[in-house]
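Coordinates in review
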Amino acid sequence: MEDRTRQAGLFGLSAQLKRLSDGSDPLETLGRVVDFEAFRPALEAAPAYGDGSRGGRPPYDPVAMFKVLILAAQNTVSDARMEFLIRDRLRWLRFLDFDLGAPTPDANTIRLFQERLTRAGAMDTLFAAFDRQLRERGYLPMGGQIVDATLVAAPKQRNTREEKDAIKAGKAAAEIWPDEPAKAAQKNTDARWTLKFAKARPLENGKPGIDIAIPSFGSKSSIAICRTFGFIRKGKVTDAATFDGRMLRDVVTTDNTASDVWADTAYRSQANEAWLERHGRVSRIHRKKPRRRPMPGRTARANAKKSSVRARIEHVFARQKDQMVVCWPRLGSM
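Residues numbered from 1 in each chain as written. Predicted model: local features only at pLDDT ≥ 70, side-chain atom pairs only at ≥ 80, totals over all residues. Heavy atoms only, no water.

**A few points about unusual backbone geometry**
Unusually for a residue other than glycine, Asp 97 sits at a positive phi of about 65°. Within the secondary structure layout, Asp 97 lies in the loop between α6 (90-96) and α7 (107-119). Since its relative accessible area comes to 65%, Asp 97 is described here as exposed. For Arg 292, which is not glycine, the phi torsion reads 60° and is therefore positive. (Helix = DSSP H or I, 4+ residues; strand = E, 2+ residues; numbered from the N terminus. Buried < 20%, exposed > 50% of the residue type's maximum accessible area, 1.4 Å probe, protein only.)

Structure representation (structure tokens):
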């Protein structure tokens, strides 16, 4: 009876995976389009993995871990949430080539792998090669660029005043807790606090409502997508307190076949406008409302037209849990 139940369970799993494939699983498509094995030499060299001769649990396959970073970046989730989602989603298990019920990476493993790649300076090389494969298959950056940012939550830290001062001074976790490697592995010294403002509805008398300030702890992911394909072509992660407008120059590229750049009012400044002009880009950034004056009708109509284009990047953020597009890692430059 037990063997029959096990066989039924295996057949049921195979049938479920087949249904996912029949539904055009985008992760299967990504696996066919990108040759992930081409990244293995660089991945094996960068993290400085051991060969297991000194004991301990063998490390996870670096190609699989590289895929983990891609999934985590695309879905804009914390390492702790990523740990759960890997176990929870059949499509992800298949994409990562992990067996159902077998051990999968925990939050610390994901973070440490990412940190090793960052320290080795491998991120830019790996993702430049990633983008090159896409170009070779016809996915050129086209239609202009849309820029935006989103907050990525991180577990809240409980540190002493001295530890907080050390973190603000830029010290690494290993420097702050040199005698407690296990504790250091649990700490995220890159995350910061910021305020996220939620727009309030207008009051009954027609006056604007008071925006709600929500404290948030974590990092900020700034990205630029190409308008034609919606692929994330470049991005960078900073602490959550970094102002959006400062990141425009870090994510806008000059290789898009169209020169237009769309973004919200946080990115409009004289410095950014001058930078875009110097690099042959055309600003389609929203204009701000004049202080103590109503928004001119012509400006409001122009902003509305730009919003219809900018909505593409909002769709990328909104669909992150259901659709896989080209993406970049969450820590450091991408």
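Once you've had a look at it, read on.
**Observations concerning the packing of helix α5 (residues 79-88) against α7**
Packing of α5 against α7 leaves a shortest axis separation of 8 Å and a crossing angle of 120°. Note that α5 runs across α7; the crossing there is right-handed. Contact residues: α5 offers Asp 79, Ala 80, Met 82, Glu 83 and Ile 86, while α7 offers Ala 107, Ile 110 and Arg 111. A per-class count over the contact of α5 with α7 returns 5 nonpolar, no polar and 3 charged. (Axes fitted to C-alpha atoms, helices over the stretch in contact; angles between N-to-C directions. Left-handed = near helix turned anticlockwise from the far one by under 90°. Contact = heavy atoms within 4.5 Å. Nonpolar A, V, L, I, M, F, W, Y, C, P; charged D, E, K, R; others polar.)

**Some remarks on the pattern of salt bridges**
With the rule as written, the count across this model stands at 15 salt bridges. Salt-bridge contacts for Asp 61 lead to Arg 40; the nearest nitrogen and oxygen are separated by 2.7 Å. A residue pair is termed long-range when its members are at least 10 positions apart, and Asp 61 in the loop between α3 (40-45) and α4 (62-75) and Arg 40 in helix α3 qualify at 21 residues. With relative accessibility at 33%, the residue Asp 61 sits in the partly exposed group. With its nearest N and O atoms 3.6 Å apart, the salt bridge here joins Glu 273 to Arg 268. (Salt bridge = Lys/Arg side-chain N within 4 Å of Asp/Glu carboxyl O.)

**Concerning helix α13 (residues 270-278)**
Those residues of α13 that fall on the buried side of the exposure criterion are Asn 272, Trp 275 and Leu 276. Taken down its axis, α13 places every buried residue within 100° of arc, on the same side. Residues of α13 that are exposed and point more than 90 degrees away from the buried face comprise Gln 270, Glu 277 and Arg 278. The inward-facing, buried residues of α13 contact α12 (248-251), β5 (260-263) and β6 (282-285). Of the residues trailing α13, Gly 280 is marked for its positive phi of about 70°. (Arc of directions from axis to C-beta.)

**Considerations on α7**
The terminal C-alpha atoms of α7 lie 18 Å apart, and with 13 residues this matches the ideal 18 Å at 1.5 Å per residue to within 8%. Each element contacted by the buried residues of α7 is listed here: α3, α4, α5, α8 (123-136) and α11 (181-186). Looking at the residues trailing α7, positive phi occurs at Gly 121, about 70°. (Expected span 1.5 Å × (residues − 1).)

**A closer look at the environment of Cys 226**
Assignment of secondary structure puts Cys 226 in strand β3 (residues 212-226). Exposure remark for Cys 226: the relative accessible area of 0% places this residue in the buried category. Along the backbone, Cys 226 and Pro 141 are 85 residues apart, and their C-alpha atoms lie at a distance of 5.5 Å. When residues no more than four places from it in sequence are discounted, the contact partners of Cys 226 are Pro 141, Met 142, Gly 144, Phe 231, Arg 233 and Asn 256.

**Section: the pairing of strand β4 (residues 232-239)**
Every other side chain in a regular strand lies on the same face of the sheet, so the side chains alternate between the two faces. The sheet contact formed by β3 and β4 spans 7 bridges and is antiparallel. Counterpart to Ser 221 in the pairing with β4 is Val 237. Between the antiparallel neighbours β3 and β4 lie 5 residues, among them Gly 230 with a positive phi of about 75°. (Pairing = 2+ DSSP bridges.)

**Details of the packing of α4 against α8**
Two numbers describe how α4 lies on α8: the axes approach to 13 Å, and their chain directions differ by 80°. With respect to each other, α4 and α8 are oriented roughly perpendicular. Here Phe 66, Leu 69 and Ile 70 of α4 come into contact with α8, specifically with Met 123, Leu 126, Phe 127 and Phe 130. (Parallel < 35°, antiparallel > 145°, perpendicular 65-115°, else oblique.)

**A word on the nonpolar core**
By size, the foremost hydrophobic cluster in this structure holds 37 residues, and its most contacted members are Phe 36, Phe 39, Met 82 and Leu 117. Breaking this core down by element, the ones donating at least two residues are α2 (26-33), α4, α5, α6, α7 and α8. Per-element tally for this core: the top contributor is α4, with 9 residues. Each residue touching Met 82, except ones within four places of it in the same chain, is listed here: Val 68, Leu 71, Ala 72, Val 77, Trp 92 and Ile 110. Core analysis: the next-biggest nonpolar cluster, separate from the first, contains 12 residues, Val 147, Ala 149, Val 251 and Leu 276 among them. (Core = buried A, V, L, I, M, F, W, Y, C linked by side-chain atoms within 4.5 Å.)

**A few points about the packing of aromatic side chains**
Applying the stated rule across the entire model yields 9 aromatic pairs. Between Phe 36 and Phe 66, the ring centres sit 6.4 Å apart and the planes meet at 70°, which makes this aromatic pair edge-to-face. Of this pair, Phe 36 sits in the loop between α2 and α3 while Phe 66 sits in helix α4, and the two are 30 residues apart along the sequence. Phe 66 sits in the buried class, given a relative accessible area of 0%. Between Tyr 60 and Phe 98, the aromatic rings sit 6.1 Å apart at their centres with planes inclined by 65°, giving edge-to-face as the arrangement. One end of the pair, Tyr 60, is in the loop between α3 and α4; the other, Phe 98, is in the loop between α6 and α7, with 38 residues separating them in the sequence. Across the pair, exposure class does not vary: Tyr 60 and Phe 98 are buried alike. Taken together through their ring pairs, the aromatic side chains of Phe 36, Phe 39, Phe 66 and Phe 95 make up a single cluster. The aromatic ring of Phe 95 is capped on one face by Lys 67, whose charged end is 5.0 Å from the ring centroid. The ring centre of Trp 92 lies 4.8 Å from the NZ or CZ of Arg 89, which sits over that ring. (Phe/Tyr/Trp six-rings, centres within 6.5 Å; stacked < 30°, edge-to-face > 60°. Lys NZ or Arg CZ within 6 Å of the ring centre and 35° of its normal.)

Purely geometric numbers; function is a separate question.
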